[in-house]
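# Per-entry structural report
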Amino acid sequence: MIISATDVNESYLTLAKERNLDGIIVIGMYPDDFYRQMKKTQIPIVLIDSYCNDHYYHSIRIDDAYGSYLATNHVIGYGHKKIAFFCGQIKENGVIKKRLCGYQQALEEAGIPYDSTLVYEGKVDYDSGIELARKLCNENKDVTAVVATADILAIGAMKGFYEQGVSVPNDISIVGFDDLEISKYLTPGLTTVRQEISQKGEKAVELLLDNIQDADMTKREVIIPVSLSRRESVRDMRGEE
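Everything quoted here is computed from the prediction, not taken from an experiment. (Residues numbered from 1 in each chain as written. Predicted model: local features only at pLDDT ≥ 70, side-chain atom pairs only at ≥ 80, totals over all residues. Heavy atoms only, no water.)

### Some remarks on helix α3 (residues 64–77)
Taking 1.5 Å as the rise per residue, α3 with 14 residues should run 20 Å; its terminal C-alpha atoms sit 20 Å apart, in good agreement. Most of α3 is tucked away: 10 of the 14 residues are buried. Within the span of α3, buried status applies to Asp64, Gly67, Ser68, Tyr69, Leu70, Ala71, Thr72, His74, Val75 and Ile76. Of the residues one or two after α3, Gly79 is the one with positive phi, at around 95°. (Helix = DSSP H or I, 4+ residues; strand = E, 2+ residues; numbered from the N terminus. Expected span 1.5 Å × (residues − 1). Buried < 20%, exposed > 50% of the residue type's maximum accessible area, 1.4 Å probe, protein only.)

What follows is the structure, given as structure tokens:
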């Protein structure tokens, strides 16, 4: 077994051939050329969290748009109308773009106009969450809730709001995505979209082993369900207007 977290380039094609790999699991999105190159290996490959439409690859993912829709719809249901969106880099047909679409769909269904200035794009990490929270506070846009595309981003935002003297959830509500273990230990506990991350890995290995045993196996796509873990980071504003 080889685990690599370096940037993907053509050397991976060489690596696959030289090491005589039986199968490959790829996590995340990569340039189109990467997928074209990897097909040449003719090795069974399972993609995790990718929206590559090539029928050569098996796929394991969640419905990212629906997860973000659940989060946004939850805060709307609690009376919030000015809702910001904290996210990583938006790439066409990528995970973040799908989650943005879910956010937009929930707004549209509720009759809330989409405002692109409420989309704050950064990195998916703790420090970026702090910075985006600071930026939102400085712009003073009367936002009452934030939907974040990752728990680590939401946790950083909670820290950033605290540093600005903004209380969660009294002054601003926040919802994350992933349901990391730490989310339930925060004060307040983070409401978040739960996805079974470990199940993705388990299913990917099962699928890969099936394909190794059956070289003619047709493409399979497995979508892992998501749900909302409700905690204390969203304020109920119904009846306050």
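Back to the write-up after that little detour.
### Considering the packing of α3 against helix α4 (residues 95–109)
The relative placement of two packed helices is expressed as an angle between their axes plus a distance between the axes. At their nearest, the axes of α3 and α4 sit 7 Å apart, and the two run at 40° to each other. Considered as vectors, α3 and α4 are oriented oblique to each other. Crossing geometry of α3 relative to α4 is assigned as right-handed. Listed contacts from α4 to Asp64, Ala65, Ser68, Tyr69, Thr72, Asn73 and Ile76 of α3 are Val95, Lys98, Arg99, Gly102, Tyr103, Gln105, Ala106, Leu107 and Glu109. The class makeup of the residues in the contact of α3 with α4 is 7 nonpolar, 5 polar and 4 charged. (Axes fitted to C-alpha atoms, helices over the stretch in contact; angles between N-to-C directions. Parallel < 35°, antiparallel > 145°, perpendicular 65-115°, else oblique. Left-handed = near helix turned anticlockwise from the far one by under 90°. Contact = heavy atoms within 4.5 Å. Nonpolar A, V, L, I, M, F, W, Y, C, P; charged D, E, K, R; others polar.)

### Quick look at helix α5 (residues 126–139)
Its 14 residues give α5 an end-to-end C-alpha distance of 20 Å, which sits within 8% of 20 Å, the value for a rise of 1.5 Å per residue. Taken as a whole, α5 has its buried residues at Ser128, Gly129, Ile130, Leu132, Ala133 and Leu136. One side-chain oxygen of the residue at the start of α5 lies 3.5 Å from the amide nitrogen of Asp127, identifying that residue as Asp125. Once α5 ends, the next one or two residues include Asn140, with phi positive near 50°. (Polar contact = N/O pair within 3.5 Å; in protein donor to acceptor, adjacent residues only side chain to side chain.)

### Description of the sheet that holds strand β1 (residues 24–27)
Backbone hydrogen bonds are what pair the strands of a sheet, in a parallel or an antiparallel way. What the 4 strands build is an open sheet, ordered β1-β2-β3-β9; its pairing is parallel. Sheet topology places β1 and β9 (221–224) at the edges, where each strand pairs with a single neighbour. Neighbour-to-neighbour, the strand axes of the sheet open up by a mean angle of 15°, direction not taken into account. Bridge count for β1 against strand β2 (residues 45–48) is 4 bridges, and the pairing is parallel. Looking at β2, one finds that Ile27 is bridged to Ile48. (Pairing = 2+ DSSP bridges.)

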